[in-house]
Amino acid sequence: MAKIKKQFFCKNCGTAHTKWNGKCSACNEWNTLVEEVVQKEDKKEITRTWRADGKPKTEPILIQDVQTGNTKRTKLPDSELNRVLGGGLVSGSLILLGGEPGIGKSTLLLQLALRLPAKIVYVSGEESEEQIKMRATRIGLQNATCYLLAETDTQEMFKHFKTLSPDLVIVDSIQTLTSPLLDSTPGSVSQIRECAGELQRFAKETNIPVFLIGHITKEGTIAGPKLLEHIVDTVLQFEGDHHYTYRILRTIKNRFGSTAELGIYEMQSGGLREVENPSELLISQKDDDLSGSAICATLEGLRPMLIETQALVSTAVYGTPQRSATGFDLRRLNMLLAVLEKRCGFHFGANDVFLNIAGGIRIDDPAIDLAIVSALVSSLQTIPIDAKICFAGEVGLSGEIRSVNRVDQRIQEASRLGFKQIFISKYNLKGLHPEKYDIEVIPVGKIDELFSLLMS
Ligand code: TYD
Ligand code: MG
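Residues numbered from 1 in each chain as written. Chains lettered and ligands numbered in written order. Predicted model: local features only at pLDDT ≥ 70, side-chain atom pairs only at ≥ 80, totals over all residues. Heavy atoms only, no water.

What about the domain arrangement of the protein chain?
Looking at the protein chain, the domain boundaries give domain 1 (1-42), domain 2 (74-274) and domain 3 (281-454). With centres defined by C-alpha atoms, the gap from domain 1 to domain 3 works out at 50 Å. (Domains from an automatic or database assignment.)

A word on the site of ligand 1
For ligand 1, the set of nearby residues contains 15 residues, the closest of which are G102, S106, T107, Q268 and G271. Bound to the protein, ligand 1 loses 76% of the 560 Å² it would expose on its own. At the level of elements, α2 (105-115), α3 (129-139) and β13 (262-268) are the ones that each hand at least two residues to the shell around ligand 1. For the shell around ligand 1, the element with the highest residue contribution is α2, accounting for three residues. Here the shell around ligand 1 is built from residues that sort into three nonpolar, eight polar and four charged. (Near = heavy atom within 4 Å. Areas by Shrake-Rupley, 256 points an atom, 1.4 Å probe, with all protein chains shown as cover. Helix = DSSP H or I, 4+ residues; strand = E, 2+ residues; numbered from the N terminus. Nonpolar A, V, L, I, M, F, W, Y, C, P; charged D, E, K, R; others polar.)

So, the side chain of T251
Within the element layout of this structure, T251 appears in strand β12 (residues 246-254). Among the polar contacts listed, one links the side chain of T251 to the backbone oxygen of V84, at a separation of 3.2 Å. Beyond its immediate sequence surroundings of up to four residues, T251 is in contact with V84, T234, V235, L236, S258, T259 and E261. (Polar contact = N/O pair within 3.5 Å; in protein donor to acceptor, adjacent residues only side chain to side chain. Contact = heavy atoms within 4.5 Å.)

Details of the sheet that holds strand β7 (residues 120-124)
Here we have nine strands laid out as an open sheet, ordered β8-β7-β9-β10-β6-β11-β12-β13-β14, and mixed in their pairing. Of all strands in the sheet, those with a lone pairing partner are β8 (146-149) and β14 (271-274), marking the two edges. Neighbour-to-neighbour, the strand axes of the sheet open up by a mean angle of 25°, direction not taken into account. With respect to the sheet, α2 is in contact with β6 (94-99), β7, β8, β9 (168-172), β10 (210-215), β11 (234-240), β12, β13 and β14, its orientation differing from that of β10 by roughly 165°. (Pairing = 2+ DSSP bridges. Axes fitted to C-alpha atoms, helices over the stretch in contact; angles between N-to-C directions.)

Some thoughts on a positive patch on the surface
Judged by side-chain charge, K342, R343, K426 and K446 come together as a positively charged surface patch. Look at K426 and you get partly exposed, because its relative accessible area is 42%. (Patch = residues over 30% accessible without salt bridge, like charges linked within 9 Å, V, L, I, M, F, W, Y side chains within 5 Å. Salt bridge = Lys/Arg side-chain N within 4 Å of Asp/Glu carboxyl O. Lys, Arg positive; Asp, Glu negative; His and termini not counted. Charge placed at Lys NZ, Arg CZ, Asp CG, Glu CD. Buried < 20%, exposed > 50% of the residue type's maximum accessible area, 1.4 Å probe, protein only.)

What to know about α2
Buried residues dominate α2, accounting for ten of its eleven residues. Among the residues making up α2, those that are buried are K105, S106, T107, L108, L109, L110, Q111, L112, A113 and L114.

Describing the sheet that holds strand β15 (residues 293-300)
The strand order across the open sheet built from seven strands is β17-β18-β16-β15-β19-β22-β23, with neighbouring strands paired in mixed fashion. Taken across any chain shown, the strands that pair with only one partner, and hence form the sheet edges, are β17 (323-326) and β23 (440-444). Here the strands of the sheet are splayed against their neighbours by 25° on average, with no regard to which way each runs. Bridge count between β17 and strand β18 (residues 351-357): four bridges; the pairing is parallel. Bridge assignment links R323 to a residue of β18, and that residue is V353. Across the face of the sheet, helix α11 (residues 447-454) comes into contact with β19 (389-392), β22 (421-425) and β23 while running at roughly 140° to β23.

Side note on helix α8 (residues 330-344)
In this model α8 runs 21 Å from its N-terminal to its C-terminal C-alpha over 15 residues, within 8% of the 21 Å that 1.5 Å per residue would give. All buried positions along α8 are accounted for by L333, L336, L337, V339 and L340. Buried residues along α8 cover an arc of 160° about the axis, so they all sit on one side. Summarising the geometry of α8, the exposed residues directed more than 90 degrees from the buried face are R331 and K342. Where α8 is buried, its residues contact β17, β18, α9 (369-381), β20 (394-395) and α11. (Expected span 1.5 Å × (residues − 1). Arc of directions from axis to C-beta.)

Focus on the packing of α8 against α9
Taken N-terminus to C-terminus, the directions of α8 and α9 make an angle of 60°; their axes are 11 Å apart at the nearest point. Regarding α8 and α9, the two cross each other, and that crossing is right-handed. Between α8, through R332, L333, L336, L337 and L340, and α9, the contact on the second element is made entirely by D369, I372, V373, L376 and V377. Each residue belonging to the contact of α8 with α9 can be placed in one class, and the counts come to eight nonpolar, no polar and two charged. (Left-handed = near helix turned anticlockwise from the far one by under 90°.)

Re unusual backbone geometry
With an omega dihedral of 0°, the bond running from D172 to S173 counts as a cis peptide bond. Mapped onto the secondary structure, S173 falls in the loop between β9 and α5 (189-206). A positive phi angle, close to 65°, is found at N28, a residue other than glycine. Here N28 is to be found in the loop between β2 (16-17) and β3 (33-38).

What to know about the packing of aromatic side chains
Scanning the model with the defined rule gives six aromatic pairs in all. Judged by centre distance (6.0 Å) and plane angle (75°), the ring pair of F158 and F161 falls under edge-to-face. Taken together, the positions of F158 and F161, both in helix α4 (residues 154-164) and three residues apart, correspond to about one turn of that helix. Look at F161 and you get buried, because its relative accessible area is 3%. When the ring of F391 is compared with that of F423, the centres are 5.5 Å apart and the planes differ by 15°; the resulting orientation is stacked. Of this pair, F391 sits in strand β19 while F423 sits in strand β22, and the two are 32 residues apart along the sequence. Across the pair, F423 and F391 agree in class, each one buried. Members of the aromatic cluster, connected to one another through ring pairs, are F158, F161 and F202. (Phe/Tyr/Trp six-rings, centres within 6.5 Å; stacked < 30°, edge-to-face > 60°.)

A closer look at the nonpolar core
Buried together is how nonpolar side chains tend to be arranged in soluble globular proteins. Membership of the largest hydrophobic core comes to 44 residues, with the highest contact counts inside it found for L376 and F391. With seven residues, the single largest contributor to this core is α9. Each of domain 2 (74-274) and domain 3 (281-454) contributes no fewer than three residues to this core. The contacts of L376, once residues within four sequence positions are left out, are A311, V313, L333, L337, L340, F348 and V353. Counting 31 residues, the second-largest nonpolar core is a separate cluster that includes L81, L89, L110 and I213. (Core = buried A, V, L, I, M, F, W, Y, C linked by side-chain atoms within 4.5 Å.)

Structure (structure tokens):
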């Protein structure tokens, strides 16, 4: 009987260790080492080609002789997916789609499989063929060349690929696959690494692109996507709040394009709809002007969008006033309140302050500060802000309004959506031609200037 070999792997970075340690010596994380049983069948003896006279398999090539421009990109029928992939699907690439359970990963890729006019194999270890068929019926699409394969054994899977020779492979999910070359259980660190490695070799050798679905949990404890990031070419993350219908597809890593791209979808009863104009979702439709709401021209990745910030300032019922922020950093809210107090004399001390970014989205863009201070003051003074006004600027500790990046894109988007005025930092004016826009660009230097303009 073959001797069982045990090794310890770090759940965080995947490094193999020979003995257990409290701390991973590679990534310095604590308590991340897990024991795995490793047993590779008849592993070929490693040939030391640098010593023996055996010819190596590969040839080195001079960098100037490398042919470029032949990376074949297939345009997918999904414009958002094309965008995040950097302009289409590169043949032979391995793409990981990560996300929490139930966010819509299977739906996204099944929809792609049904819409792409090519031979596709959708491998599912999660659901039966009937379940997938039911979902396809729900989406309401049909594709005569989409095969379903309920298989979890990688070697069996490759046999099917050989006979079918598909144009695209989708694997749902990497955590359910098992390689017969290893003994450990599906979903364990070594299995995930091995299966992803096998799929990567498959993709590179056959030039068939492979989509892999990977789960992450809220705590991020299950071994998976984090560890796979090194192996795959592209990592996409599907995010969203379960209580809202839209989903954001983000690029975390891309060997063939920018990571600043973003795709937006809306989950409907009949599948995912591509959202071309995200602002439509993020600005609430209301007829009359209400106080406490201000619109920010923000950027998510490279994509400009207008988003509504809402503030509610009310008299505190209890001794200690509450501060609560949804979709925004609470510490930053406290800082902005302190700036308003110190620099403009607005007193929030005896008030509860609630802040909400509409649509359940989370914003890290500092340009949202200006809209937030405006919403706060608007609610405090019960003065509504005209719905045709928007803001883009960062607020500094001394109450100065700092410049933000890509202001031109923000102004253009606001103008395209029919806004009449945009407040920006006066430091952003350099190189900008405010007269070329259809929207009135109002530069301001300090927040007290802003309020005297706004509330006059
Ligand atoms: P699913 O793709 O199964 O998520 P994942 O693979 O990431 O776990 O999607 C699950 C959710 O999406 C489920 O709660 C139902 C919802 N859904 C819709 O709202 N509309 C649809 O057309 C489909 C197919 C799913
Ligand atoms: Mg699924």
